[in-house]
Number of protein chains: 2
Amino acid sequence: MRRHRRPVSFRAGKLVAAMSRVTVKDVAEKAGVSISTVSRVLTGNAPVSRELHRRVVEAIEELGYRPNALARGLRIRRTAVLGLIVPDIANPFFSQLARVIEQHAHLHGYSILLCNSENSRERELQYFSLLTSQRVDGMMVISSAATHEQLNRFQSNTDAVVLALDRRIPGFRGPWLGADPYPGAYEAVGHLLALGHRRIGIVRGLEGTISSDERFEAIVRAYQDHGLSEDPWVFGGPYSVETGVQAGNALAQLPVEKRPTAVIAASEFSAYGLIQSLHSHGLAVPEDISVVGYDNTAFAELFRPALTVIAQPIERMGERAVEKVLQMMEAAADEPPPPVAPLPGTVRQRPRLAVPVPDETLPTTLVVRQSTGPAPASAALRLA
Amino acid sequence: MRRHRRPVSFRAGKLVAAMSRVTVKDVAEKAGVSISTVSRVLTGNAPVSRELHRRVVEAIEELGYRPNALARGLRIRRTAVLGLIVPDIANPFFSQLARVIEQHAHLHGYSILLCNSENSRERELQYFSLLTSQRVDGMMVISSAATHEQLNRFQSNTDAVVLALDRRIPGFRGPWLGADPYPGAYEAVGHLLALGHRRIGIVRGLEGTISSDERFEAIVRAYQDHGLSEDPWVFGGPYSVETGVQAGNALAQLPVEKRPTAVIAASEFSAYGLIQSLHSHGLAVPEDISVVGYDNTAFAELFRPALTVIAQPIERMGERAVEKVLQMMEAAADEPPPPVAPLPGTVRQRPRLAVPVPDETLPTTLVVRQSTGPAPASAALRLA
DNA sequence: AATCTATCTGAAAACGTTTTCTCCGCGAGC
DNA sequence: GCTCGCGGAGAAAACGTTTTCAGATAGATT
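Residues numbered from 1 in each chain as written. Chains lettered and ligands numbered in written order. Predicted model: local features only at pLDDT ≥ 70, side-chain atom pairs only at ≥ 80, totals over all residues. Heavy atoms only, no water.

1. Focus: unusual backbone geometry
Residue and element names in this part refer to chain A. Here is the rule we go by: For helices the rule is a DSSP run of H or I covering at least 4 residues; for strands it is a run of E covering at least 2, with both sets numbered from the N terminus onward. Buried means the residue's accessible area, taken with a 1.4 Å probe over protein chains only, is under 20% of the maximum for its type, while exposed means over 50%, and partly exposed covers the values in between.
That bond from Arg-304 to Pro-305 is cis: its omega, -10 degrees, falls within 30 degrees of zero. A positive phi is found at Arg-135, a non-glycine position, where the angle reads about 55 degrees. The residue Arg-135 is located in the loop between helix 6 (121–133) and strand 3 (138–141) in this model. Judged by relative accessible area, which is 10%, Arg-135 ranks as buried.

2. With respect to the environment of B:Leu251
Residues and elements named next belong to chain B. What counts, and what does not: Should any heavy atoms of two residues lie within 4.5 Å, those residues are counted as being in contact.
With respect to the helices, strands and loops of the structure, Leu-251 is situated in helix 10 (residues 241–253). With relative accessibility at 0%, the residue Leu-251 sits in the buried group. Sequence-distant contacts of Leu-251, defined by excluding residues within four places in its chain, comprise Trp-233, Arg-259, Pro-260, Val-263, Leu-274, Leu-278 and Ile-289.

3. Describing the protein's contact with DNA strand C
Filter applied, for reference: Definition of nearness: a residue and a molecule or strand are near each other if at least one heavy atom of the residue lies within 4 Å of the molecule or strand. Within 3.5 Å is the distance limit for a polar contact, defined as a pair of N or O atoms, with the added protein rule that one can donate a hydrogen and the other accept it, and that residues adjacent in sequence qualify only through two side-chain atoms.
Close to DNA strand C lie 26 residues; A:Ser39, A:Arg75, B:Thr37, B:Arg40 and B:Leu52 are nearest. Sugar plus phosphate, as a fraction of atoms of DNA strand C within 4 Å of the protein: 64%. Contact between DNA strand C and A:Asn45: a phosphate oxygen at 3.3 Å from a side-chain N or O atom of the residue. At 3.3 Å from a base nitrogen of DNA strand C is found a side-chain nitrogen or oxygen belonging to B:Ser36. Elements with a minimum of two residues in the surface near DNA strand C: helix 2 (35–43) and helix 4 (69–76) of chain A together with helix 2 (35–43) and helix 4 (69–76) of chain B.

4. Details of the protein's contact with DNA strand D
Definition in use: The classification used treats Ala, Val, Leu, Ile, Met, Phe, Trp, Tyr, Cys and Pro as nonpolar, Asp, Glu, Lys and Arg as charged, and all other residues, Gly among them, as polar.
Looking at DNA strand D, there are 27 residues lining it, with A:Thr37, A:Arg40, A:Ser49, B:Ser39 and B:Arg75 nearest. Protein-proximal atoms of DNA strand D, defined as those within 4 Å of the protein, fall in sugar or phosphate at a share of 64%. The separation between a phosphate oxygen of DNA strand D and a polar main-chain atom of B:Asn68 is 3.3 Å. B:Arg72 places a side-chain nitrogen or oxygen 3.2 Å from a phosphate oxygen of DNA strand D. Ranked by residues supplied to the surface near DNA strand D, first place goes to helix 2 of chain B with 5 residues. Its residues placed into classes, the surface near DNA strand D shows 11 nonpolar, 10 polar and 6 charged.

5. Let's talk about the pattern of salt bridges
Any two side chains of opposite charge can pair, on the condition that their charged atoms come close. Using the following cut-off: For this analysis, a salt bridge means a side-chain nitrogen from Lys or Arg found within 4 Å of a carboxyl oxygen belonging to Asp or Glu.
With the rule as written, the count across this model stands at 28 salt bridges over all chains. The partner of B:Arg99 in a salt bridge is A:Asp88, and the shortest N-O contact between them spans 3.4 Å. Here B:Arg99, found in helix 5 (residues 92–107), pairs with A:Asp88, found in the loop between strand 1 (81–86) and helix 5 (92–107), and the two come from separate chains. The salt bridge involving B:Glu360 is made with B:Arg320; its shortest N-O contact spans 2.6 Å. A residue pair is termed long-range when its members are at least 10 positions apart, and B:Glu360 in strand 11 (residues 360–363) and B:Arg320 in helix 13 (residues 314–334) qualify at 40 residues. Through salt bridges with shared partners, a single ionic network connects A:Glu51, A:Arg54, A:Arg55 and A:Glu58.

6. As for the nonpolar core
Worth spelling out the cut-off: What is meant by a nonpolar core is a set of buried Ala, Val, Leu, Ile, Met, Phe, Trp, Tyr and Cys residues, joined one to another through side-chain atoms within 4.5 Å.
A:Leu82, A:Met140, A:Leu165, B:Leu82, B:Met140 and B:Leu165 are the most contacted members of the largest nonpolar core, which has 62 residues in total. If we ignore the near neighbours within four places in the chain, the residues touching B:Leu165 are B:Leu97, B:Ile101, B:Met140, B:Val141, B:Ile142, B:Trp176, B:Leu177 and B:Ala321. Counting 46 residues, the second largest nonpolar core, distinct from the first, contains A:Val263, A:Val291, B:Leu283 and B:Val285.

Structure (structure tokens):
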């Protein structure tokens, strides 16, 4: 249905103080029209005469009327709210991602319901349920620990579209959007080779978690694709400062001729810990050992030495995330209505969309800063 | 009204896949009861016989029913949602604050609608309007730029309680919760004095913004209360890395006998910039110059040298914020209903609460790390 | 045996919107 | 002189809950 007139907007200055809980009925009374007319002015999807339109707008402003989003949502079955489930909003990667997601959602007229799962599977599922109850139009979930069985089961209970973000959830019935660690890793290895490094170590994340394994494998593959044959020195642990510290300690123990002259850390925090630890062992970065980190949050360039990183495309990722969710919503809206009455007792495994939305991968890149430099002279000599 | 039985909870594992958009009616049908009975099981505020209760719970689980929060909110006039307006969620101070706010809100059964005002007054007011439409039960606003007139006008349009957080809004008709910079500042000056420093400079924030002025005045007062008479060296600018860098440059120009041996920065970022800049001028921290920062986010201890800071009580602040909002909501609920029909055309300046909620101040503290140390020997000598 | 409670249940109203349906008036086309 | 279509307005039905109100059943008390 075409819009006949611009719906009335609620700009800042024009509203005037008034009693609370004003309803469309009050507005109608004040304007001397029916509530239908007020609604038409509000939504703009039916013609209203010039004069009545004016009276309604006036009444709205004088009463400080704010439409009740609950009632509207109930009626039109859409809320213009998106749910975002993140493992830890205090983590700069997620908080920066949340920022751009919020920004783009706002741009499209959507609000964000923020859920911090605190890395708990229990809470993640709880939030999934909550968002379903709140009837959000879409969800973006950066999954902590939920299994795909659980998520799939929950997903079939909701009408919202759901996008797995950043962390892949194998088996999950729904699209995924994230970054491919390989391009950045390939660049990183190339960069280090060009600087004369030949022994390049890796500080990886926990074994067994998907995204951690993926990053590690990408680095190893980059390693091989550059023709390095030797098995790299590897240290593993959670993505934390502590892991980096331990890696540094282990590194310092190694005889200098076996010690990597460069290390790629799969986490920003491990990189910080690593550098600190190396420092405390009298090893300078990048003079003695070069370090490549991950993620490229604002702190990477604040840190001394400023951290060379395999950068995730945070901006692009947030932008694409909301675009993708919106696109999924459109597709879902065009879809034929659900296949009428399912047989009683039948567990309906209806896929959210008839035509499945494809996964989407954004490339990582290398951002060179000061934590990487030429391989130390001794190594360079041996090279020559 | 007493609760007769525990309302049915929606635990993770027990829900089973089913078609979407299940309503209380479907549940009632499946269980062979009326919708009233289902509702009673849901809310738990009326007795339901053992047998019917069982059947209803069973039906709920089999259908994967999730109550519609919109309909419920519409009916009971509460949403269990709190709005949070922050200037920039990517700023670690705000993201850490948001984290603990979300955590405590969740603890009390509330969700958080996140609004990132991007430091824009326009958007802040827009969000205020939005949250009103969404009928959130309460708002916490860390105000960027809105004036109290605007906020007051908007506030009288909402039924939600609203708390000004962190940044004071003079003239705003509503309580404020924030930190008092003085205790931390007093400790900081004392700490520096004990280390032998006598010339202590200040990198302050922009002149004219409330919280910036407050911090500055607190530091100056601490200065005086410790008996320092000389006017401190002062550099001003926005709370940014760049300001710190410029301050460092200015500092480096000073003749050494006039140069402060310690600097207190009113912002974490200024402190980082300052240290970087001093470094680039060949001045070591803390050997040549000690630096005290602000805020105590996670980065402060990651940074090298780890930053001594005047710490804001982030945890406590977030916790108190939601407790206070909840308490305000209770008070508002007990309040006599609004004084009936206001005269037509009357602008009702109704205060949100009959008995105003008092402002609340939490103390800052000093956290000593490595960026502060004994005053350099030359200064110490002159002292002796 | 009749009444009185206490406990439980269901029908229906309400919450504040949007939208369908009906109706009205009016100018255009036959 | 009708009908047709169309711009415009209002009444009323829906959306999915909670809650009030009125009954029903059963056990206890007279």
